[in-house]
Structures are given as C-alpha cells and as structure tokens.
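What follows is the residue order along each chain.
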Amino acid sequence: MDGIDRVRGFEDIEEHVIIQSRLISLNSRFATTKLNGSKHSSLLFDFNSISPKSVDTLYHTIAIQSAEIPASYYNVNGDNNVINMTDATNGVTVSFTLTEGNYDADTFETEFKAKFDDTAIASSANLPFDTVTGKFSLGSSNPNVIFNINLASTTCRLPLGIDLDAEGTLVFPAGQNPTALPNPANFLGITKIKMLSDSLAGGNFDSNRLNTTTLVDTISATANPFGLTIYNSLGRESFVKAKRIDEIDIQLLDQNNNLIDFNGTNWTMTLLINTHRRQRFSKKDGTILNDKYIARIKALEKTESLKKELEDVRFDIF
C-alpha cells in the first residue's frame, strides 16, 4: 500500500478531549525531603515526570482519593503552650512553657499550677474550672496580688479561653475570688486538616487570606486522640495551574494555618490526577493519530515539489 492509499484511510480526522487518570500514592515515610523533620507536615516527593509538558495538554485536575491520617498531634503543642504573666504587685514577669500533650480541664489545671510554681513569682496561682460555663478563672493565692497575662508573648490562648486575635494585657485584680477568663476553655485541638501544595495549586480560596492560595483540599479531623482519621473521596476536583508536574510538595496545616506536628508518626494519602488533553482520531476506524503522523499524511497530499522539501524530515511512523 503506497502513501496515497494510506491517506485515503485517514481522510477524515477528528479532534477530541480525553482524560488520562493517574493515581499517586504518598507515604510520608518515603518523602525525598522532610522540611520540618519528624513533624511530617512539610514534605517534598521528587517524582520523575508525573506529567511532562505537552502542547496537547489542556489542564490537570487534582483530588484526594483517600487518606489515612493518625491523630498523633496534641491539643497543646509547640504552637500554643507558652504563657507570659506578670505579678503586677511586685513587678515580676515570667514566661513558662507547658509540656506538650493532650489535656482536659483537670489535667491542664494541674500542669498550669505545677509550671507556674516553678517560676520566680512568690505567690502561687489558682486556676479553678467552672463546669457550667466551661471557663477557667485566674487569681493569686495572695489576695493582695494582681496578675496580668501579657498577650503578645502568650501563645496558650484557646486552652485558657483567650481569643486568638486579642491584644494587650488581661488583668486579674487582687481579691479573694479568681476572675473568669473571657471565653470557654477550648481543648478541641485540630478540627480540620488543610492540604496545601505549590506544585498542585489551583484557584481555591481560604478565608485566612481572603484570596486564592495553594490550598488543594481539606479533611475533617474526626479521630479521637491517637486514633485514625480515614478520608474517602467526595468526588470533588480542583484545577491545577501547572501543566507540567514533576515533584510534589505537601504541607498539612490545621484550621489556624499552623503546620501540624505528627510527632514522628507517618500518614498516607492517594491523589488522583486527571490530565485533560487533545487527541486526534480517524473518523473511519477510530485510530489514534499523533501529530507527526498527521503531518506526514498532509505532506503526501501535496505536490511533488513540496514533498521534496520534506524528505529530510524524520517521523516516528513510516
């Protein structure tokens, strides 16, 4: 069969958009680079050309197919365990750090008093918890002493019942009775896991910045302490700005945009990447045609003088 006969077999060419799906299985244990060490929440996976750049590639979409994330993080951790206080009566300021761990109201009160008693403030502190209001109260064992909590240097806000955006100083006057803190104590810890990625960023929004971010998806943290959050796809996909995907960077943040500390425990996740690209077919027999083949077909239909110009051109087919 000569070239012209082959052309007659592919006279009608049609272009379609097809979707090529790939599953990407991630395990934090095998990350190429662990950017925040054993916290396992900022990782780099250096894959080899997951999706090379191509003129036929229109765009990619990404979705979390499934995830298994251990609740090995603490509700009092390195991001929220520092308290800075002043004995305003005697002019002594101290800063103390609570031991990281999972606390309730009773264990938190015990830890607070133990760490406070190790400071240079002479009088001890009382931190009773009201089971009706859910609030702590703070006062000195010495009714003549005034306590201040210095908010600029205090990260332990939610467990105490202090708003994250509060500023200035909280004053606890002298007297026989402790003064209640503003809000109920919050020991919920991490309630949402946000997955971010520079390489997989699309057009998702986050109220943290009120703008587009590198947010890919979110997972509700439903497991009890030391349990396992199991997530299965909700069928949603996000647009990916990049056309070429090689390495994948992953950041896992909590609802307050803090990198999560998994305390050395590994998590797993499966991503679904859908590549939407153009593909040309023969209308007659459904044969997939690549660009070089189509160029050769068109060349065969030209005059002999034009064909001669293409003699030095090499194609994958023929």
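Being a predicted model, the structure only gives us computed values, none of them experimental.

Parameters and conventions
- Residues numbered from 1 in each chain as written.
- Predicted model: local features only at pLDDT ≥ 70, side-chain atom pairs only at ≥ 80, totals over all residues.
- Heavy atoms only, no water.
- Phe/Tyr/Trp six-rings, centres within 6.5 Å; stacked < 30°, edge-to-face > 60°.
- Helix = DSSP H or I, 4+ residues; strand = E, 2+ residues; numbered from the N terminus.
- Buried < 20%, exposed > 50% of the residue type's maximum accessible area, 1.4 Å probe, protein only.
- Pairing = 2+ DSSP bridges.
- Core = buried A, V, L, I, M, F, W, Y, C linked by side-chain atoms within 4.5 Å.
- Contact = heavy atoms within 4.5 Å.

Asker: Give me the packing of aromatic side chains: which residues, what numbers.
Answerer: All told, the structure shown has 12 aromatic pairs when counted by the stated rule. Both rings, one in Phe 116 and one in Phe 147, keep their centres 5.4 Å apart while their planes meet at 70 degrees; by these two values the pair is edge-to-face. Taken together, the positions of Phe 116 in helix α2 (residues 105-117) and Phe 147 in strand β10 (residues 147-150) put the pair 31 residues apart, joining distant regions of the chain. What makes Phe 116 buried here is its relative accessible area of 0%. By way of ring pairs, the aromatic residues Tyr 103, Phe 108, Phe 129, Phe 136 and Phe 187 are connected into one cluster.

Asker: Could you give an account of the pairing of strand β5 (residues 82-87), with specific residues and numbers?
Answerer: Of all the six residues making up β5, five are buried; the element is thus mostly covered by neighbouring parts of the structure. The turn joining β5 and strand β6 (residues 92-97), which pair antiparallel and follow one another in sequence, is formed by four residues; a positive phi near 70 degrees is taken by Gly 91. Pairing of β5 with β10 involves three bridges; the strand directions are antiparallel. The partner of Thr 86 across the bridge, within β10, is Asn 148.

Asker: Just give me the short version of the nonpolar core, but keep the residues and values in it.
Answerer: If you look at the biggest cluster of nonpolar residues, it comprises 31 residues, and the most contacted ones within it are Ile 193, Met 195, Trp 267 and Leu 271. Mapped by element, the contributors of at least two residues to this core are β1 (13-27), β3 (42-51), β4 (57-70), β13 (192-196), β16 (215-220), β19 (245-253) and β20 (268-282). Setting aside residues up to four positions removed in sequence, Met 195 forms contacts with Ile 64, Leu 200, Thr 214, Leu 215, Val 216, Asp 217, Ile 250, Gln 251, Leu 252, Met 269 and Leu 271.

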